[in-house]
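# Working through the structure, step by step
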Amino acid sequence: MSRLALIAAALVVLGSPAVADERTPATAAAPIPAGAAERAQYDRADPLTRSVFWGRQNEINPSDLVAGVKAAQALRELGQFDQAATLAQSVLLTQPSNVEAMLEVGRAHIARGQAFYGIGPLEQARALAPNDWRPLSLLGVAYTQVRRIEDGKAAWNEGLRLSRDNPDILTNAAMALTAQGDAPGGELLLRRAVAQPGATLKTQLNLALVLGLQGNMGEAEQIVRRALPPEAADRNLAWLREKTAAGAAAPVPVQTDGASPAMARTWGSLQGQ
């Protein structure tokens with residue numbers, strides 16, 4: 001074989017790997033947003049699972065504003081109030097008229113004990129959705145937290161005009177009265193709330209709390225034991241007896257439709273959280 005032929009053969013052999021190395025690697029398939037059925041399934045999951053799922057959906061598609069709001073809600077339920085407020089606020093940067101995001105901003109700021117910063121978004125939500133009782137219910141909590149007591153009462157009264165005997169509004173107003181030292185008034189509203197078809201476990205357990213703080217441990221225990229498993233009931237009743245025996249009730253937090261910091265750290269266990 002001539003020298004030129006040998007060189008050509010060598011070039012072919014040595015050149016093959018170089019050609020192979022220059023091949024473009026296969027591009028990984030882009031993640032696909034979950035379908036309606038999967039999203040509905042995760043909506044029923046616990047807060048941690050929901051925070052992971054909805055956070056991932058928000059990463060896949062940052063313009064998925066539903067995912068952003070739901071991720072913020074899950075973070076709030078996990079007690080990550082600052083992150084929840086930030087994420088909900090980021091939704092409003094994209095869609096300034098998103099009422100659900102405004103409500104979640106309000107809830108997060110109330111939960112972190114900084115309701116003042118949630119009042120603006122909640123008032124905007126009230127203006128955008130004048131027939132929705134939820135902004136009014138939350139505004140009652142926020143106003144009360146910043147000591148605008150009469151404004152809080154007015155918001156709840158307006159909410160009850162839109163949604164008569166709404167158990168969430170009645171519960172919020174009842175816990176506000178109790179926190180202000182009017183436990184009997186709070187009890188009356190809570191009894192009215194638990195009589196409604198839409199009353200939740202939270203409402204029943206808040207009635208037990210207010211009854212126990214007034215020394216009516218018998219009825220309080222009946223409610224708690226109907227609502228919670230034995231071990232959880234024992235823990236919470238022990239907590240309530242301790243507060244009653246001490247002669248001074250722990251500060252009673254005004255509720256939202258999510259737990260406040262005080263609620264999460266004390267009476268939160270009574271809510272089965």
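So, here is what we can say about the structure in this document. (Residues numbered from 1 in each chain as written. Predicted model: local features only at pLDDT ≥ 70, side-chain atom pairs only at ≥ 80, totals over all residues. Heavy atoms only, no water.)

### Section: the overall build of the protein
Secondary structure assignment for the protein yields 15 helices and zero strands. Going through the 273 residues of the protein one by one, you find that 44% of them count as buried. A sequence separation of at least 24 residues applies to 52% of the contacts in the protein between residues at least 6 apart. Here the protein displays about 14,300 Å² of accessible surface, and carbon together with sulfur accounts for 55% of that area. (Helix = DSSP H or I, 4+ residues; strand = E, 2+ residues; numbered from the N terminus. Buried < 20%, exposed > 50% of the residue type's maximum accessible area, 1.4 Å probe, protein only. Contact = heavy atoms within 4.5 Å. Areas by Shrake-Rupley, 256 points an atom, 1.4 Å probe, with all protein chains shown as cover.)

### Observations concerning the nonpolar core
Of all hydrophobic cores here, the largest spans 61 residues; its most connected members are Ile110, Leu122 and Val224. No other element matches the seven residues that helix H6 (residues 99-111) contributes to this core. (Core = buried A, V, L, I, M, F, W, Y, C linked by side-chain atoms within 4.5 Å.)

### A short note on the packing of aromatic side chains
The final tally for this structure, using the stated rule, is two aromatic pairs. With 5.4 Å between their ring centres and 90° between their planes, phenylalanine 116 and tyrosine 117 make a pair best called edge-to-face. (Phe/Tyr/Trp six-rings, centres within 6.5 Å; stacked < 30°, edge-to-face > 60°.)

### Some details on the packing of helix H5 (residues 81-94) against H6
Contact geometry of H5 with H6 gives a least axis separation of 8 Å together with a crossing angle of 160°. Our classification of the angle between H5 and H6 gives roughly antiparallel. Of the two possible hands of crossing, H5 and H6 adopt the one that is left-handed. Residue-level contacts link Phe81, Ala84, Ala85, Ala88, Gln89, Val91 and Leu92 of H5 to Ala101, Met102, Glu104, Val105, Ala108, His109 and Ala111 of H6. For the contact of H5 with H6, the residue count by class is 11 nonpolar, two polar and one charged. (Axes fitted to C-alpha atoms, helices over the stretch in contact; angles between N-to-C directions. Parallel < 35°, antiparallel > 145°, perpendicular 65-115°, else oblique. Left-handed = near helix turned anticlockwise from the far one by under 90°. Nonpolar A, V, L, I, M, F, W, Y, C, P; charged D, E, K, R; others polar.)

### Quick look at a nonpolar patch on the surface
On the surface, a nonpolar cluster with roughly 270 Å² of combined accessible area is contributed by Leu48, Val52 and Leu78. Here leucine 48 shows up in helix H3 (residues 47-60). The exposed category is assigned to leucine 48, whose relative accessible area is 51%. (Patch = residues over 30% accessible without salt bridge, like charges linked within 9 Å, V, L, I, M, F, W, Y side chains within 5 Å. Salt bridge = Lys/Arg side-chain N within 4 Å of Asp/Glu carboxyl O.)

### Quick look at the side chain of arginine 50
One can find arginine 50 in helix H3. Classification of arginine 50 as buried rests on a relative accessible area of 9%. Polar side-chain contacts of arginine 50 include one of 2.4 Å to the side chain of glutamate 77. Here arginine 50 is in contact with Tyr42, Asp43, Ala45, Gly55, Gln73, Ala74 and Glu77, once residues within four sequence places are set aside. (Polar contact = N/O pair within 3.5 Å; in protein donor to acceptor, adjacent residues only side chain to side chain.)

### Topic: helix H14 (residues 230-245)
In this model H14 runs 22 Å from its N-terminal to its C-terminal C-alpha over 16 residues, within 8% of the 22 Å that 1.5 Å per residue would give. Listing the buried residues of H14 in full gives Ala232, Ala233, Asn236, Leu237, Trp239 and Leu240. Seen end-on, H14 carries its buried residues on one side only, within an arc spanning 155°. Across H14 from its buried face, at more than 90 degrees, point the exposed residues Pro230, Glu231, Arg235, Glu242 and Ala245. (Expected span 1.5 Å × (residues − 1). Arc of directions from axis to C-beta.)

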